[in-house]
Amino acid sequence: MAVERADSSDLAGAPMSGGAARPVLAVSMGDPGGIGPEVLVKALADPALRRSAKFRVLGCASVMHAAAERAGIEPFWWTIRASAGLDEAALVHDVVLVDYEPLLNLRDPIYPAEASKLGGSLSFQFVEDAIALAKRPAHDPLHAHGIVTGPISKAAWALAGRGKYPGHTELLAVRFGVERVGMMFVGPKLRVILVTAHVPLMDIRNALTIGQVYDAIDLGHDACRHLGLARPRIAVCGLNPHAGEGGLLGDEEERLIAPAIELAQRHGIEVSGPHPGDTVFGAALAGKYDLVVAMYHDQGLIPVKLLFRDESVNVTVGLPSVRTSPDHGTAFDIAGKNIASEQSTASAIRLAVRMCEGVRRLGEANA
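Our subject in this report is the structure included herewith. (Residues numbered from 1 in each chain as written. Predicted model: local features only at pLDDT ≥ 70, side-chain atom pairs only at ≥ 80, totals over all residues. Heavy atoms only, no water.)

Attention shifts here to a nonpolar patch on the surface. A contiguous nonpolar patch, built from L285, L306 and L307 and spanning about 290 Å² of accessible area, is present on the exposed surface. Mapped onto the elements of the fold, L285 is located in helix α11 (residues 277-285). Judged by its relative accessible area of 34%, L285 is partly exposed. (Patch = residues over 30% accessible without salt bridge, like charges linked within 9 Å, V, L, I, M, F, W, Y side chains within 5 Å. Areas by Shrake-Rupley, 256 points an atom, 1.4 Å probe, with all protein chains shown as cover. Salt bridge = Lys/Arg side-chain N within 4 Å of Asp/Glu carboxyl O. Helix = DSSP H or I, 4+ residues; strand = E, 2+ residues; numbered from the N terminus. Buried < 20%, exposed > 50% of the residue type's maximum accessible area, 1.4 Å probe, protein only.)

This is the structure:
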């Protein structure tokens, strides 16, 4: 199925250099049985958003058209078959849908609103081919400057025989051949990066290392610079209540977190901590910090989702390509009902455009 051939201020785009007026984004639709098609159609129905980039949507035509019909949206995309590949004619359109359904040999494909082998196989292939477009040489007309991924089901990937990849982040790291990657979440007034992600809570104490904490600080610093922050102010959370209370409530702050902060400071990063997790997010919201480094998944995600549930964006940092995604899952329970919000998907697209421009700008500055 490979496609071959020749704060709210964080959510704006700008022209690209090198002859391209706008960045090109490879967009994977996500699981066809989930809300991915609906939120993508609704988001790109905004003409201003469509004008911010050129989009190569990897997905299924029937669910895209069904979502548009339910929402009362006139289809705005140019459709080609995945087997035909992108060509010069398709490249002139703002939104090109690469349709994988002709490859299925099914007259009327049905995608259940639950984890399925078919949904897992398709959504995995969409991401694989989006990555392939991003990995093409920069001078290639089919090169994608960034990737926006729709929501997938980890259980569906497992049913499709792709269970070795727990999610997008792990697959992206392998395909791009990088060891240091991180999950960063960007909302209108809060940015958070995780030191550990999908690790059981009881295992975090043994999983933390000085290197992991430093990597999160360093990767988050670089990502903030791509967002236009010349010198990001970074705050690092402690692991324990009250950041360990001077060792009374745990020693991870002194053994692991403080040394990582000191190392980052020696490398010129403006970072402080460890700070108590129950106060640092309020300080960041008040404008004292540009980024908070959280030690584990829920420490960082609870404030993000509580405050900016439909507006925050998941960013994979540490890749040679920009990658963003909406901060929600497949939501099979509401799929096909035309009630899903497109705000997070729209924000993911805007942020991808902004970060593509940041990469270009920093590249020119360092040339």
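Next up on the list: the side chain of S325. Its location among the elements puts S325 in strand β12 (residues 322-326). Within the structure, the side chain of S325 is placed 3.4 Å from the side chain of R323, a separation counted as a polar contact. Ignoring any residue separated from it by four or fewer positions in sequence, one finds S325 in contact with T149, V313, N314 and A348. (Polar contact = N/O pair within 3.5 Å; in protein donor to acceptor, adjacent residues only side chain to side chain. Contact = heavy atoms within 4.5 Å.)

Empty space within the largest cavity amounts to approximately 60 Å³. Taken together, V27, S28, M29, G36, V39, L40, V148, T149, G150, P151, P326 and T345 make up the lining of the largest cavity. Among the elements that make up the lining of the largest cavity, the one with the highest residue count is helix α1 (residues 36-44) (three residues). Looking at side-chain class alone, the lining of the largest cavity contains seven nonpolar, five polar and no charged residues. (1 Å grid on protein atoms, 1.4 Å probe; cavity = no way out; pocket = protein on both sides within 12 Å on 5 of 7 lines; lining within 4 Å. Points joined across faces, edges and corners; volume = space filled by probe spheres on them. Nonpolar A, V, L, I, M, F, W, Y, C, P; charged D, E, K, R; others polar.)

By volume, the second largest pocket is sized at about 450 Å³. Along the walls of the second largest pocket sit 22 residues, with K154, M183, H198, N314 and H328 positioned nearest its centre. Elements with a contribution of two residues or more to the lining of the second largest pocket: α7 (168-176), β6 (182-186), α12 (297-308) and β12. For the lining of the second largest pocket, the per-class residue count stands at six nonpolar, 11 polar and five charged.

Below, the discussion takes up the nonpolar core. Counting 93 residues, the largest nonpolar core has L25, M184 and I217 as its most contacted members. Contacts of M184, omitting those with residues within four sequence positions, involve R191, V192, I193, A223, C224, L227, L291, V313, N314, V315 and V317. One finds C237, F281, Y289 and V304 within the second-largest nonpolar core, a separate group that totals 16 residues. (Core = buried A, V, L, I, M, F, W, Y, C linked by side-chain atoms within 4.5 Å.)

Once that is clear, we can look at the environment of K54. Note on placement: K54 falls in strand β2 (residues 54-59). In the structure, K54 is positioned 41 residues away from V95 in sequence and 6.1 Å away in space, judged by C-alpha atoms. Once residues lying within four places of it in the same chain are set aside, the contact partners of K54 are R22, P23, V24, L25, L91, V92, H93 and D94. In this structure the side chain of K54 is engaged in a polar contact, spanning 3.4 Å, whose partner is the backbone oxygen of V92.

Let us look at helix α3 (residues 61-71). Listed in full, the buried residues belonging to α3 are A61, V63, M64, A67 and A68. In the core, the buried residues of α3 are packed alongside α1, β2 and β4 (95-99).

Looking now at the packing of helix α5 (residues 117-135) against α7. Packing of α5 against α7 brings their axes to within 11 Å, and their N-to-C directions diverge by 40 degrees. With respect to α7, the axis of α5 lies oblique. Considering the relative orientation of α5 and α7, their crossing is right-handed. Along its contact with α5, which presents F124, V127, E128, I131, A134 and K135, the element α7 presents H168, L171, L172, R175 and F176. (Axes fitted to C-alpha atoms, helices over the stretch in contact; angles between N-to-C directions. Parallel < 35°, antiparallel > 145°, perpendicular 65-115°, else oblique. Left-handed = near helix turned anticlockwise from the far one by under 90°.)

Our focus in this paragraph is the packing of aromatic side chains. Throughout the structure, instances matching the rule amount to four aromatic pairs. For the ring pair F76 and W77, a centre distance of 5.0 Å and an interplane angle of 90 degrees mean the geometry is edge-to-face. Take F76 and W77: they sit in the same class, and that class is buried. Where Y100 meets F126, the ring centres are 5.0 Å apart and the plane angle is 65 degrees; that geometry is what we call edge-to-face. Of the two residues, Y100 sits in the loop between β4 and α5 while F126 sits in helix α5, which places them 26 residues apart along the sequence. What makes Y100 buried here is its relative accessible area of 0%. Among the residues examined, F126 registers a relative accessible area of 0% and is labelled buried. Over the face of the ring belonging to F76 we find R50, whose NZ or CZ atom lies 4.6 Å from the ring centre. (Phe/Tyr/Trp six-rings, centres within 6.5 Å; stacked < 30°, edge-to-face > 60°. Lys NZ or Arg CZ within 6 Å of the ring centre and 35° of its normal.)

Turning our eyes to something else, we now look at the pattern of salt bridges. Think of it this way: side chains of opposite charge can pair up when their charged atoms draw near. Evaluated as defined, the whole model comprises 14 salt bridges. In this structure, the salt-bridge partner of E38 is K42, at a minimum N-O distance of 2.7 Å. Taken as a pair, E38 and K42 lie in helix α1 at a separation of four residues, close to a single helical turn. K42 carries the same exposure label as E38, and that label is buried. Residues D218 and R180 are paired through a salt bridge, measuring 2.8 Å at the closest nitrogen-oxygen approach. On the criterion of sequence distance, the pair formed by D218 in helix α9 (residues 210-226) and R180 in the loop between α7 and β6 is long-range, its members being 38 residues apart. Salt bridges sharing common partners tie together R205, D251, E252 and R255.

For the rest of this paragraph, the subject is the pairing of strand β5 (residues 146-149). Alternating residues of β5 divide into G146 and V148 and I147 and T149, and every residue in both groups is buried. Looking at chain direction, strand β1 (residues 24-28) and β5 are connected through four bridges and run parallel. Bridged to A26 within β5 is I147. Bridge count for β5 against β12 is three bridges, and the pairing is parallel. Looking at the pairing, V148 lines up with T324 of β12. (Pairing = 2+ DSSP bridges.)

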